[in-house]
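Chain and residue survey
Take a look at the letters that make up each chain.
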Amino acid sequence: MPSSALWAVDLFGRVYTLSTAGQCWELCRDTQLEFKRVSAATRGCWGIACDNQVHVYVCASDVPIRCQEEAYENQRWNPVGGFCEKLLPSDRWPWSDVSGLQHRPLDGVALPSPHWEWESDWYVDENFGGEPTEKGGWTYAMDFPATYTRDKKWNSYVRRRRWIRYRRYKSRDTWAKIPSKDDPKQLPDPFNDLSVGGWEITEEPVGHLSVWAVSLQGKVWYREDVSHPNPEGSSWSHVDTPGEVVQISCGPHDLLWVTLWEGQALVREGINRNNPKGSSWCLVEPPTSENGIMHVSVGVGVVWAVTKDRKVWFRRGVNSHNPCGTSWIEMVGEMTMVDVGLNDQVWGIGCEDRAVYFRHGVTPSELSGKMWKAIVASRVCDRSHSGSSSSLLSAGCFFGDEVRVGGDSCVPSDTDASSEAERPGPEQPVPAESPESPGHSKRSSASAAEHALEGAGPADGTPGPEPCPGQASPPAELPWTSIDLKEPKKVPSHMAEPPGLSSLELLPLGLEEPYCADDHPLWVWVSGGGCAVEAHTVLKWFSAQAGLSSSMQTLSLSITPAQTAAWRKQIFQQLTERTKRELENFRHYEQAVEQSVWVKTGALQWWCDWKPHKWVDVRVALEQFTGHDGARDSILFIYYVVHEEKKYLHVFLNEVTTLVPVLNEDKHSFALYTPERTRQRWPVRLATATEQDMNDWLALLNLSCCESRRVLGRPSPQAVWSITCKGGIFVSEPSPDLEAPEHPLPCDQMFWRQMGGHLRVVEASSRGVVWGIGYDGTAWVYTGGYGGGCFQGLASSTGNLYPQSDVKCVYIYENQRWNPVTGYTSRGLPTDRYMWSDATGLQECTKAGTKPPSLQWSWVSDWSVDFSVPGGTDQEGWQYASDFPSSYHGYKTMRDFVRRRCWARKCKLVTSGPWLEVPPIALRDVSIIPESPGAAESGQSIALWAVSDKGDVLCRLGVSELNPAGASWLHVGTDQPFASVSIGGCCQVWAVARDGSAFYRGSVSPAKPAGDCWYHIPSPAKQRLKQVSVGQTSVYAVDENGNLWYRQGVTPSYPQGSSWEHVSNNVRRVSVGPLDQVWVIANKVQGSHSLSQGTVCHRTGVQPLEPKGQGWDYGIGGGWDHISVRANATRAPRSTAQETAGGQGLPGGPSSVAGTLPEAVGPVCC
């Protein structure tokens, strides 16, 4: 997973971040401000500076934050002068918004704050409903308001056109002050605390944030309209509370807790998608009556608190249905504050030593964790900043109940009359050495690493105490428990402490001089809202670097991945040459074993070939032979009984073309395909009793098939990649006869072997660079290994395998019909669909009966309403229609007698494979330029384009064979979100927008990788495109109805082409290779038993004079979802007749291009 950061504030108000992949605190770039506290999110941080003003820190990204401003120019037809700006008194404004109710002149649209800048000037939008308009962008109607059209008619009396302009957020990687209103009545008081959360509120749009703040007068404020496109929000709104608030905490979901001056806590109820501010408050009493709550922090389903005696408490029974919880449990340790971050992980600051602690052992099954571990991380020496006690006090940093001078005397502070030195009792022993003493400041990092607080657990065998952070001696022994929990106990009344102005205790004097990385840092605040720590995450925070000098560390950081890859390649070549030299001396010896036989047997189940089809218990035996020449061959025998007669069938593994795991809810099964069974669409299906048995058989059979065909190791750069509908990754080595113009190799004879990992989209190039996209949008790059997942041992490489995870949503639909008496109800007509069904309505799917896609997936969320379905929804998520099935819309009319709403639930898969994550932008589509052998020199940059999950078009810079992940993203501006992109030979870039319109990017070249502008290409009549693929000279597209289209008239002088020509239907996805070969994933392919969905098909007869081809050759299927032939530049051997035709300048060879001159051989540069 990508690295995230922990945010913290030190004693001098400086903000630091600590990456989960590093072990050194890094100072924020903007060092001019001093902060009291911060609250982090996944992509930024909010903070309160020394002047009590709120600032936001938005992390830099390759994708800019852009917002579109629009205005409409309205005109009416005049019999004298035609269309003009003179409108009727009852008409809308000449310049207005889309509704026409608000006056919106172009010069009246201003930037919301100084942190924004204009990206361009105003210009006319000439796109209307996915189709280009006439020059000028006008749309016509009979009157205002009405339905507008692109064409001008005889009764078109009004017209309008849309002007757009983009603004860009420029204050990134710096602290930006939140602007306040000029009206004093709307200006909140200076803030004392704030908290950021709410980005995972159920059904909330992605990018939403809930920002809550507390003023010095104890009022609670909410920041409106904070989201990723609007990181500053719009305004502050006051939320009434029954008392004065001192501190607030907001979780990622719908949990919100605040603490009152009196020591109680308030819980906000009613927070949801339609009301993110909630509706009411509920009072929660503190753990003990003597010491109220001083600090509280909430997560997804946990609440931690710190009372005024610095004790840490955990709230039991907290969930979305009961945000108040049930009871308090005391945890061992004393902290000044705690913070709950992502995945309910917990951090805290020690009461005495001011160190940052991490709660180790927090898991979904044990939310309270096991022990506190001190974070030992150095800081870069900062000599540019000098602080003083006066500056700290003037900044409003209230650090305690007392100020100690030296080691003995203490001066009572103004905020608290009681003194720590006057508190008796064995629970707070006097340390032998004060934190301010020289011995403490020179304490080594190793000793700090040993200062971890461990709780007694079941593995200990005997009960034991857990030392408290910052104390020199442990407290009294605790009763044995599985975790470090203590029941609440009464504290003497003389231990009570009046409320202080801050949760921090001491302000040591004499620390105004800057300290270097070796000194023990003193922290006052920590925030883990943007720090993702999972169970498998390995952190380097708890041990200091040793044995490396600063020069060696600098040297290690200067080594680039490209240099490392080159060194590995050189070492591998040297080892290979040495092995060959050593084996030369033993070639004259005879083999010790000339032939061997190896057998593996097992009890499986087989899906029988005859009717009625059912699972039959069988015995399976795999026999493997090793010949004189070392070649291996295997036979799989399946023994079964029919009518008390023993029979068997056998499969030669050198004839097996594909071995596919069949992932379903009930069986651990897999299928074996041969050319004959591929044509029949009826594979050999076997099932095992357990998942481990299936993995063992898959690995063994896969290895045997590869050994029989002598296909081992990593795939070649020319390989063809494909993905099944379950996310399985398969690769095939192409034969030179696969793309032969005469007698091509049938694609049902291609051998596919499975690679480890799980993807939704894969894209390859002939230079060995392969990218993939998961179901959750995560981008992955191929590392050069093979295997992983269920393929272990000999079937997997020893290196270049990494953990991989994927998240997808499962959707079901709730259907209802209108009843004249009761309204909409779950009782339908006998002919209706199931009241709980899938999208088609043919299969019944209930919440309780719906399981994850396979046993490898596990649920990670509850069922929630999906508001992002096409067609829109109402506030409750319902879509209405006249009958099932029909066209659904998000509003109710008099003719709507049925309705439905979509429910979604997330599930997660964890596996491994030869894939490395490319953070941090989630992608929807990716395309790598197809190159013929010798078309580009090794080491040159490889063009790679992508579309993000938000619809932004991106160009990847620095992609090469030695650095396949590239360096950075270059954003390419668009007027609307895109869905698909493809780059062809000589940098021809085509794209499809979400509204189904097609675009061509002009002037793209290696010197100008982003091009200059988009050209709108009309879509096929009454069709909305969804995907495009570009080869060397051919452009193909697929629309939403499954039609495959070919772009006619694409020439070097006119690269946009002239028109679309229909090729085929029932196509799910298309891939055009560097030789203009066309491969698709097709539906409804006829087999001997049934129609096959998701079949790999090859377009035959593709020639320069016949670029659309002549027919289809059906390959492996069904169940396939994606294919990429972009890397297959393997040409078939040319015959004598073809060479003669090529020499005469005739378009007989694959390199010739129809309609070009004889010398124009090879790719056509557009």
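The coordinates are above.
This report concerns the structure included in the present document. These figures come from a predicted structure and were not determined experimentally. (Residues numbered from 1 in each chain as written. Predicted model: local features only at pLDDT ≥ 70, side-chain atom pairs only at ≥ 80, totals over all residues. Heavy atoms only, no water.)

1. Focus: the sheet that holds strand β6 (residues 54-58)
One open sheet accounts for 4 strands, arranged β4-β5-β6-β16; its pairing is antiparallel. The open sheet has two free edges, formed respectively by β4 (35-41) and β16 (175-177), since each of these has just one partner strand. Across this sheet, the average inter-strand angle for adjacent strands is 30 degrees, counted without regard to direction. As paired strands, β4 and strand β5 (residues 44-49) are joined by 6 bridges and run antiparallel to one another. Of the residues in β5, the one forming a bridge with S39 is W46. (Pairing = 2+ DSSP bridges. Helix = DSSP H or I, 4+ residues; strand = E, 2+ residues; numbered from the N terminus. Axes fitted to C-alpha atoms, helices over the stretch in contact; angles between N-to-C directions.)

2. Some details on helix α7 (residues 691-709)
Turn by turn, an α-helix covers 3.6 residues, leaving residues three or four places apart pointing in a common direction. Taking 1.5 Å per residue as the helical rise, α7 with its 19 residues ought to reach 27 Å, and the 27 Å between its terminal C-alpha atoms agrees with that figure. R710 sits one or two residues past α7 and shows a positive phi near 55 degrees. (Expected span 1.5 Å × (residues − 1).)

3. With respect to the packing of aromatic side chains
Per the counting criterion, the structure on display carries 43 aromatic pairs. On the numbers, 6.0 Å between centres and 55 degrees between planes, the contact of W95 with W163 is tilted. Here the residue W95 occupies a position in strand β9 (residues 95-96), and W163 occupies one in strand β15 (residues 158-169), the gap between them amounting to 68 residues. Here W95 and W163 have matching classes, each one buried. Considering the side-chain rings of W118 and W122, the 6.5 Å spacing of their centres and the 45 degrees angle between planes classify their relative orientation as tilted. Assessed through its relative accessible area of 12%, W122 is described here as buried. (Phe/Tyr/Trp six-rings, centres within 6.5 Å; stacked < 30°, edge-to-face > 60°. Buried < 20%, exposed > 50% of the residue type's maximum accessible area, 1.4 Å probe, protein only.)

4. Concerning the nonpolar core
Core analysis: the largest hydrophobic core is formed by 36 residues, its most contacted members being W771, L923, W945, W969, F978 and W1014. Breaking this core down by element, the ones donating at least two residues are β49 (770-773), β50 (779-782), β59 (923-928), β60 (944-948), β61 (953-957), β62 (968-972), β63 (978-983) and β64 (989-993). The dominant element in this core, judged by the number of residues it contributes, is β60, at 4 residues. Setting aside residues no more than four positions away along its own chain, W969 makes contact with D62, W771, I921, L923, L944, A946, L954, C955 and R956. Counting 35 residues, the second-largest nonpolar core is a separate cluster that includes V15, W25, A40 and F358. (Core = buried A, V, L, I, M, F, W, Y, C linked by side-chain atoms within 4.5 Å. Contact = heavy atoms within 4.5 Å.)

5. Things to note about the pattern of salt bridges
Summed over the entire model, instances satisfying the criterion amount to 30 salt bridges. Where D10 meets R379, a salt bridge forms, and the shortest distance between an N and an O atom there is 3.1 Å. Of this pair, D10 sits in strand β1 (residues 5-10) while R379 sits in strand β32 (residues 378-379), and the two are 369 residues apart along the sequence. You can call D10 buried: its relative accessible area is 0%. Here R66 makes a salt bridge to E119, at a shortest N to O gap of 2.8 Å. You can see R66 sitting in strand β7 (residues 66-78) and its partner E119 sitting in the loop between β10 (116-118) and β11 (123-124), a full 53 residues away along the chain. Bridged by salt links that share partners, the residues D10, R14 and R379 form one connected network. (Salt bridge = Lys/Arg side-chain N within 4 Å of Asp/Glu carboxyl O.)

6. Considerations on unusual backbone geometry
Look at the link from F884 to P885: it is a cis peptide, with omega at -25 degrees. For P885, the location among the structural elements is in the loop between β56 (878-881) and β57 (898-913). For the bond running from P919 to P920, omega is 0 degrees, close enough to zero to count as cis. Note that P920 resides in the loop between β58 (915-918) and β59. A positive phi angle, close to 60 degrees, is found at D225, a residue other than glycine. Along the polypeptide, D225 turns up in the loop between β19 (220-223) and β20 (236-239).

7. Considerations on the sheet that holds β1
Each strand in a sheet pairs with another by means of backbone hydrogen bonds, the pair being arranged parallel or else antiparallel. Taken together, the 5 strands give an open sheet; going across it, the order is β32-β3-β2-β1-β37, and neighbouring strands pair in mixed fashion. The outermost strands of the open sheet, each flanked by one partner alone, are β32 and β37 (523-527). Where strand β2 (residues 15-19) meets strand β3 (residues 24-27), 2 bridges bridge the pair, whose relative direction is antiparallel. What sits directly across from T17, in β3, is E26.

Just distances and angles here, no functional claims.
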